[in-house]
Amino acid sequence: MASVTFEHVTKRFGDVVAVNDLNIDIADREFLVFVGPSGCGKTTSLRMLAGLEEITEGNIYIGDRLVNDVPPKDRDIAMVFQSYALYPHMSVYDNMAFGLKLRRVPKAEIDRRVREAARRLGIEALLDRKPKQLSGGQRQRVAVGRAIVRNPAVFLMDEPLSNLDAKLRVQARAEISKLHMQLGTTFIYVTHDQTEAMTMGTRIAVMKDGLLQQIDTPQNLYDQPDNVFVAGFIGSPSMNFFDATITGSDSEMYVDAGAFRVKIPAERVEPYKPHKGAQVIFGIRPENVHDPEFAPPGIHQALVECKVEVTELMGNEVILYLNARDKSFLARVDPRSKLRVGNTASLAFNMDRFHIFDKQTEKAIR
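Residues numbered from 1 in each chain as written. Predicted model: local features only at pLDDT ≥ 70, side-chain atom pairs only at ≥ 80, totals over all residues. Heavy atoms only, no water.

Asks: Help me understand the pattern of salt bridges, please; the structure alone is not making it clear to me.
Replies: Two side chains carrying opposite charge are able to pair once their charged atoms lie near each other. According to the stated counting rule, one finds 22 salt bridges in the structure shown. Among the ionic pairs, E116 bridges to R119, the shortest N-O distance being 2.7 Å. Of this pair, E116 and R119 both sit in helix 3 (residues 107-121), 3 residues apart, roughly one helical turn. Of the residues examined, E116 reaches a relative accessible area of 29% and is grouped as partly exposed. Across the salt bridge formed by R332 and E287, the nearest N and O atoms sit 3.8 Å from each other. Residue R332 is located in strand 18 (residues 327-333), and its partner E287 is located in the loop between strand 14 (279-284) and strand 15 (289-290); the two are separated by 45 residues in the primary sequence. According to the relative accessible area criterion, R332 is partly exposed, its value standing at 23%. One salt-bridge network, in which partners are shared between bridges, spans K11, R47 and E53. (Salt bridge = Lys/Arg side-chain N within 4 Å of Asp/Glu carboxyl O. Helix = DSSP H or I, 4+ residues; strand = E, 2+ residues; numbered from the N terminus. Buried < 20%, exposed > 50% of the residue type's maximum accessible area, 1.4 Å probe, protein only.)

Take a look at the structure:
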């Protein structure tokens, strides 16, 4: 078991900076998820930790050991790739045992580890099969099992679920989370899927253009995003954003988006007093826009008149695509809502759950 430290780590490919001055301390037994869009530097960070990419600047530690120049095989890590990388001519058993055989682990110990890992993953009946005889979900478990048998200090997982269908992804997410709890080992996981990140990670590192944007628990990222990018990336559907101006007096302050004007509750005006008259970005999540008939009791409501353009009936909720004087936004409303395409209605913004960002820096104003 081991902690992991990225200390001012930078990676350049020619003139392209793939990772820029990355600083992260990952605790022993933590499940850290790197998340971000394609090209943000998350996989490059993982590959530098694994020793598959050279570091341009900075240091990486596993535990107290500096590993910049340590070969991958000596870093006490195990990696699960998106492609699974199973040997097609070998049985499941031999695929899982292969790394241990290279390390000259005694045959009895190899057999014990392979069968124990297979039992944990529910693939005991598959040990004699070849990879081509397995489903995508079964191959994914074999790849994880091959990593487990090594008893590494750190597990590295690079988009391991991206080849699975939606139902299997949900199942596999739960299996990997349970595995983390059972093994008590440090897990570092890379994904572009914010749902995976939110449901699996003890902490999430959000990256964009090689820069770490914010690192925090899933709930804190959702409730208190540091900037517009994090606010828009975390949460599905994405947060609604409106260009706006802060207007009014110290006692009665408003956010004026042109298409609508909403009052800031008195107990929340203090951070925005220095920004009166300033151009800002007003953000509110779709789940905080309600059909007034079914709005939660006790919230500060601000009614915004808009037209319903599209409805998506999801069973447990309804997604409304709305337009207020050419400003489009989404709402997630109660499934009992009777609002339908073409209706004009006043939707209730929950003004206890909004966000305001500086227009120039896109950083949160708190």
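Having seen the model, we can carry on.
Asks: When you look at the packing of aromatic side chains in this model, what are you seeing that I'm missing?
Replies: Any pair of aromatic rings gets described here by the distance separating the centres and the angle formed by the planes. Tallied over the entire structure, the rule returns 17 aromatic pairs. On the numbers, 6.2 Å between centres and 35° between planes, the contact of F242 with F282 is tilted. In this pair, F242 is assigned in strand 11 (residues 240-248) and F282 in strand 14, connecting sequence segments 40 residues apart. Ring centres 5.5 Å apart and planes at 70° place the aromatic pair F242 and F329 in the edge-to-face group. Of the two residues, F242 is situated in strand 11 and F329 in strand 18; the sequence distance between them amounts to 87 residues. An identical accessibility class is assigned to F242 and F329; each is buried. The structure contains a cluster of three or more aromatic residues connected by ring pairs, namely F242, F260, Y272, F282, F329, F349 and F354. The residue whose ring lies beneath R261 is Y254, and the NZ or CZ to ring-centre distance is 3.8 Å. (Phe/Tyr/Trp six-rings, centres within 6.5 Å; stacked < 30°, edge-to-face > 60°. Lys NZ or Arg CZ within 6 Å of the ring centre and 35° of its normal.)

Asks: What is the right way to read the layout of surface pockets from this model?
Replies: A probe matching the size of a water molecule, rolled over the atoms, marks out where space remains unfilled. In this model, the largest pocket occupies a volume close to 510 Å³. For the largest pocket, the lining is made up of 22 residues, of which M79, F81, R103, R146 and R150 are closest to its centre. Every element with two or more residues in the lining of the largest pocket is listed here: strand 6 (77-80), helix 2 (92-102) and helix 4 (136-148). Top element by residues in the lining of the largest pocket is helix 2. It accounts for 6 residues. (1 Å grid on protein atoms, 1.4 Å probe; cavity = no way out; pocket = protein on both sides within 12 Å on 5 of 7 lines; lining within 4 Å. Points joined across faces, edges and corners; volume = space filled by probe spheres on them.)

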